[in-house]
Amino acid sequence: MKLKKMLAVGAAVFGFAAVHAHADTELEFWTMNLAPKFNAYFEQAVTKFNAANPGLKAKWVDMNWDQIQPKLVASIAAGNPPALVNFNVPWVHEFAAQGNIVALDEYVGAAKNTYSAGALKDVTVNGKMYAFPWYNSVSIIAYNKDVFNKAGVKSAPKNFDELVSTAQKITKSTKTAAFAPKLDNFEGWFYYAGLPMVQNGKAVFNSPKHVAFVQKFADLYKAGVFPKDVFKMAFEQEIAAYNSGRIAMMTTAPQALKRTETDAKAVYDKTEVAAFPTDAGQRAFGAWLMDFVVPKGFKNPAEAAKLGLFLTGDEQQVLFSKATETTFPSSKKANLDPYFQAGAKSADVVERARAVAAKSMDNARTLTIPPGVLPDAASMNKKLQDEIQNAIEGRKPVKAALDEAAAAWNEKLAK
Amino acid sequence: MKTSSSYTAIAYLFLAPALILMGLFTFWPVGYNAYLAFNDYSIVDATATWNNFEHFKYLYHEELFHDALKNSLIFLLVVPVLQVAALLVAKLVNNKLPGMTFFRAAYYIPVITAVPIAGVAWLNVYRYDGLLSWFLKTIGIIQNDVNWLGEPEIAIYMVMVFTFWKGIGYYMVLYLAGLQAIPAEVEEAAILDGANAWQRFWKITVPMVKPTILLCTLLSTIAALKSFQEVVVLTRGQADTYTALYYVYAQAFTNFNFGRASAAGLVITFFCVLLAIVQFRFFGEKK
């Protein structure tokens, strides 16, 4: 009898647990390269979301950036994608064009207006919002005061032409490369300069204005203003070059300064910061919006949207920026939080960099070609990039290089 | 008493797990890839639409694919160099000399080092003013620093040097196993007959490790045609280093054109099979 009772109670408990477990909708969300540094942030976010949303169970999974796309494609094909995936803007456009992510307008409602205009434009494809804007960044200029003084440069450049002339002055007087611009995706520089890439279905990046703009880079390269291996320099190499004195200025995101602080204290102590100037495009350089998308095939998109709105809401965005110290929210209200301007007059360069960058966020747009324009993005981008490299490194006249790339693009665009 | 057919059945039973796994994870994907190469595949609803030879026609006219294929074929130059070097190193470390255990381990370290980590180290070697430029300037071979991974004329060869460095230990171990399987008496008899070291190498070592040479050449040929990771880490396809597999990756995961990626994959497979046949004919046992 006793055994029967125990079994009955056990069965009831098991049954309740099973029903309860079934009642929870699991919302797995994937992020890129944020563990283990931000484990504490995500643990609190998950706990807070789960407590406020009975029946929903958020689950955080972090993976490397190069794994996330293949794994997502595999999970979509297998019919069990996660609720949310951390994407960058080009991926949003690619996946939206392929129909692999869900348009979110019907799930976000009025909350759409909480995001900054630039961020919303970044994630809008064919008039529909395809991602929850999350954290963003923007380039600043970090420079070595000693080198500037030696070159007789009194202040940081206020516009792009001043940046060019300052850099030339530094290289001429110190025989050191002045800076290492990111050249691995040159279309961003065209947008920065307010120069279009494709108009009326034709490539237009071989106009006299484009040629003159690329020529500036070719001249700077020839004069040794850029390191000769500038095309090989990614984020990591640029920081290492600045820390070791190979370049006088770092023109990159403020978080790079954290690395200078830990790896090269002597250089860090001589570092000052300034805003990265805008050019004709009136866009802050270096913006790279991170966001969350809902993959097609996830069975509960409305619930996924709840989590997306929570993670990219004002409160969580400020908390995340505080955790990273060097990224910025994409929501209007969060960006006004006093935290971002509190360090404007601080003795700490990282805090000053944060204040400088936050002021540029209004102009922050991810500088990438509009969605759906390129029929064969991989080949076309490769062709343009090869020709830009040929032009800047002096293997080909700029006009000839851009003409050749434009002809190759037009051939594909005409099909 | 068991019949020969029951022995055969038992033998197939033993082989069954391996055959099932190979079927599932090797032959089925290859077959499915071949099917996709003639289709437009939509990942959203997992549907394939037959499109005849359109992907192959596209590849036939696609300049980037030609360049990628050419680079992959250039990459094959690393194979003979790597095999000869690995065999010579194996011969060297096969000697019972002091410190040989250390050298065997040292040559193997690159094999177990992850490509991204090794790549970061080599980026510093290849940097414009990096270790390689410094060394060659110091010994007077070059006057000025060289942009090793930025010059289209040399970048692909620099990537191949990295592949060589990474692979030599792996093939050395295989050759070492082959060398140690050669009976000592054969070598001793040759010494008694007055054969010198060079003659012994050509007349005894090379013929007796011929099956290992075939295996290693085959493996490194396939590896060379599949070169991808080193390109991602060192050049990201810039400076004329786009390889065939990089092209497949870009088509599949940047353009989401799985049909075209499959067609390109099938072309690479065709080259792999073709080269394997040539190698079997060249190194295989003559009947």
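Conventions and cut-offs
- Just so you know, the residues in each chain are numbered from 1, in the order the chain's sequence is written.
- Whichever chain is written first is A, and whichever ligand is written first is 1; the rest continue in order.
- In view of the model being predicted, local features appear only for residues whose pLDDT reaches at least 70, and side-chain atom pairs are presented and counted only at 80 or more, with totals across whole chains, interfaces and linings using the full set of residues.
- Only hydrogens and water are removed before side-chain values are computed, so all heavy atoms of the structure are retained for them.
- Residues grouped as a nonpolar core are buried Ala, Val, Leu, Ile, Met, Phe, Trp, Tyr and Cys residues, joined through side-chain atoms within 4.5 Å.
- A 1.4 Å probe rolled over the protein chains alone gives each residue an accessible area, and that area as a share of the maximum for its type sets the label: buried under 20%, exposed over 50%, partly exposed in between.
- Each helix corresponds to a stretch of at least 4 residues labelled H or I by DSSP, and each strand to a stretch of at least 2 residues labelled E; elements are numbered beginning at the N terminus.
- Any two residues whose heavy atoms approach within 4.5 Å at even a single point are treated as in contact.
- UniProt positions are given in the numbering used here, feature names are shortened, and annotations may be inferred rather than shown by experiment.
- A 1.4 Å probe that fits into a set of points on a 1 Å grid over the protein atoms alone but cannot get out defines a cavity; an open set with protein on both sides within 12 Å along at least five of seven lines defines a pocket, and lining residues are those with an atom within 4 Å of a point.
- Grid points are joined across faces, edges and corners, and a volume is the space filled by probe spheres set on the points.
- Residue polarity is assigned by list, with Asp, Glu, Lys and Arg as charged and Ala, Val, Leu, Ile, Met, Phe, Trp, Tyr, Cys and Pro as nonpolar; anything else, Gly included, falls into the polar class.
- The convention used is that axes are lines fitted to C-alpha atoms, helices contributing only their stretch in contact, and that angles between N-to-C directions extend from 0 to 180 degrees.
- For classification purposes, an angle smaller than 35 degrees is called roughly parallel, one larger than 145 roughly antiparallel, one from 65 to 115 roughly perpendicular, and anything else oblique.
- Take the far helix as the reference: if the near one is turned anticlockwise from it by less than a right angle, the crossing is left-handed, and if turned clockwise, right-handed.

Quick look at the nonpolar core
1) Next: Core analysis: the biggest nonpolar cluster contains 106 residues, and Phe29, Leu84, Phe132 and Leu307 of chain A together with Tyr247 of chain B have the highest contact counts within it.
2) Next: It is helix H14 (residues 258-283) of chain B that provides the largest number of residues to this core, a total of 7 residues.
3) Next: Beyond its immediate sequence surroundings of up to four residues, Phe132 of chain A is in contact with Leu84, Leu104, Val108, Tyr115, Met290, Asp291, Phe292, Val294, Ala305, Gly308, Leu309 and Thr312 of chain A.
4) Next: Residues Phe226, Ala358, Ala391 and Val398 of chain A belong to the second largest nonpolar core, which totals 86 residues.

Section: the UniProt feature "transmembrane region" (unreviewed entry) in chain B
1) Next: UniProt feature "transmembrane region" (unreviewed entry): in the numbering of this structure it lies at residues 7-28, 73-93, 105-125, 154-177 and 263-283 of chain B.
2) Next: What you have in residues 105-125 of chain B is 90% helix and 0% strand, and the ends, taken at the C-alpha atoms, are 22 Å apart.

Quick look at the layout of surface pockets
Over the atoms, a rolled probe matching the size of one water molecule traces out where space is still vacant.
1) Next: Considering only enclosed or pocket space, the second largest pocket measures out at about 630 Å³ in volume.
2) Next: Looking at the second largest pocket, it is lined by 29 residues, and the ones nearest its centre are Lys383 and Ala408 of chain A together with Glu63, Leu64 and Asp67 of chain B.
3) Next: Among the secondary structure elements, those contributing two or more residues to the lining of the second largest pocket are helix H18 (377-392) and helix H19 (398-414) of chain A together with helix H2 (54-61) and helix H3 (63-75) of chain B.
4) Next: Taken together, the residues of the lining of the second largest pocket break down into 8 nonpolar, 5 polar and 16 charged.

Quick word on the packing of helix H13 (residues 244-253) of chain B against H14 of chain B
All names here are of chain B.
1) Next: Closest axis-to-axis distance for the H13/H14 pair is 7 Å, and the angle between their directions is 165 degrees. Classified by the interaxial angle, the pair formed by H13 and H14 is roughly antiparallel. The handedness of the crossing between H13 and H14 is left-handed. Facing Ala244, Leu245, Tyr247, Val248, Gln251, Ala252 and Phe253 of H13, the residues of H14 in contact are Phe258, Arg260, Ala261, Ala264, Gly265 and Ile268.
2) Next: Classifying every residue of the contact of H13 with H14 gives 10 nonpolar, 2 polar and 1 charged.

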